[in-house]
Amino acid sequence: MFQLRHHAADLLEIRCFSTWGRGVVVGLMIAGIFLLTMGGKVISLHCTRLGPGTVSCDYRAGWLGLPGATETFEVRGAKLAGEGGIYRVSLITDGGEQPITHVWAGGYWRQRDLTVRINEFLADWERDTLTIVSFYPWYRYLLLVAPLLLGLLLWSLLPIVTLTLQKGGNLTVRRRTWWRVTTHAYPLSAIEAVLLEPRPLRSALLHLRPVALAPRPHALPGLTPRTRARLIALINAF
């Protein structure tokens, strides 16, 4: 689409950008934030044997590795149970079961192995401590943050093209991304015609006549057939 930023007798400023591209980027970023919010906890466990049959475990759940609140339980065992494709690891304490993770079926075997580790430690009186740094594999967090990073990358690549026409001055074409800005200025008095060339599924091309004035066309993103016609009408009217 294009946005009419300034329209006066001596100045016309138009901004062109892709609405569907922005929609995709915003959707990816929202999905990334949702995934991080719902599944970004880093869960760790540190257990210490206090005496025969007595094990104290410090359970910590921090968001993406940030220090979280620590809870301490006297643990008698651990179990893995679930239904509907979602499994839950629970610590068995004097006060009942304390759920510490919820995982999809894809993480079942890792959670099962961790449950076995806890129970083997509780049964082995010769071991004094057990530390589990994370209940989830490291690559899980890369997958969680991937949509957000991809959205940020695509946002940086989406161009915004601004056309500025000034009576007695220039036609300025300014193309901006996050890390690069290019500006081209052409004397308005030397321009004989302004043309738009449509391209299927790609940005329309802005041509200036005579060709020698601007040998390379400028791509204008987000222009539908209707907006192309409106844009040319605005420029010609100016």
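An account of the accompanying structure is given in this report. These figures come from a predicted structure and were not determined experimentally. (Residues numbered from 1 in each chain as written. Predicted model: local features only at pLDDT ≥ 70, side-chain atom pairs only at ≥ 80, totals over all residues. Heavy atoms only, no water.)

1. Looking at the overall build of the chain
Reasoning step 1: Of regular secondary structure, the chain possesses four helices and 14 strands.
Reasoning step 2: For the chain, the C-alpha radius of gyration of 30 Å lies well beyond 18 Å, the compact-globule estimate for 238 residues.
Reasoning step 3: Considering only C-alpha atoms, the chain reaches an extent of 95 × 30 × 30 Å along its principal axes.
Reasoning step 4: For the chain, contacts bridging at least 24 residues in sequence account for 44% of all contacts bridging at least 6.
Reasoning step 5: Counting every atom, the chain has about 14,100 Å² of accessible surface; 59% of that belongs to carbon and sulfur. (Helix = DSSP H or I, 4+ residues; strand = E, 2+ residues; numbered from the N terminus. Rg over C-alpha atoms; globule rule 2.2 N^0.38 Å. Contact = heavy atoms within 4.5 Å. Areas by Shrake-Rupley, 256 points an atom, 1.4 Å probe, with all protein chains shown as cover.)

2. Side note on the pattern of salt bridges
Reasoning step 1: Taken as a whole, this structure holds five salt bridges when the rule is applied.
Reasoning step 2: Here Glu97 and Lys79 are joined by a salt bridge, their closest N and O atoms 2.6 Å apart. Of this pair, Glu97 sits in strand β7 (residues 96–104) while Lys79 sits in strand β5 (residues 70–83), placing them 18 residues apart in sequence.
Reasoning step 3: Between Arg112 and Asp113 there is a salt bridge, with the nearest N and O atoms lying 3.7 Å from each other.
Reasoning step 4: Salt bridges sharing common partners tie together Glu74, Arg76 and Asp94. (Salt bridge = Lys/Arg side-chain N within 4 Å of Asp/Glu carboxyl O.)

3. Some remarks on the environment of Leu201
Reasoning step 1: Here Leu201 shows up in the loop between β12 (193–199) and β13 (202–209).
Reasoning step 2: C-alpha separation for the pair Leu201 and Thr224, spaced 23 residues apart in sequence, amounts to 9.9 Å.

4. Focus: the sheet that holds β12
Reasoning step 1: With antiparallel pairing, the three strands of this open sheet are ordered in space as β12-β13-β14. Two strands lie at the open edges of the sheet, namely β12 and β14 (218–220), each paired on one side alone. Each neighbouring strand pair of the sheet contributes to a mean axis angle of 35°, computed without reference to strand direction.
Reasoning step 2: Across three bridges, β13 lies against β14 in antiparallel orientation. In the strand pairing of β14, Leu206 is matched with His218.
Reasoning step 3: Sheet strands touched by helix α4 (residues 225–237): β12, β13 and β14. Its angle to β12, the strand with the most contacts, is close to 175°. (Pairing = 2+ DSSP bridges. Axes fitted to C-alpha atoms, helices over the stretch in contact; angles between N-to-C directions.)

Function cannot be inferred from these measures alone, as they are strictly geometric.
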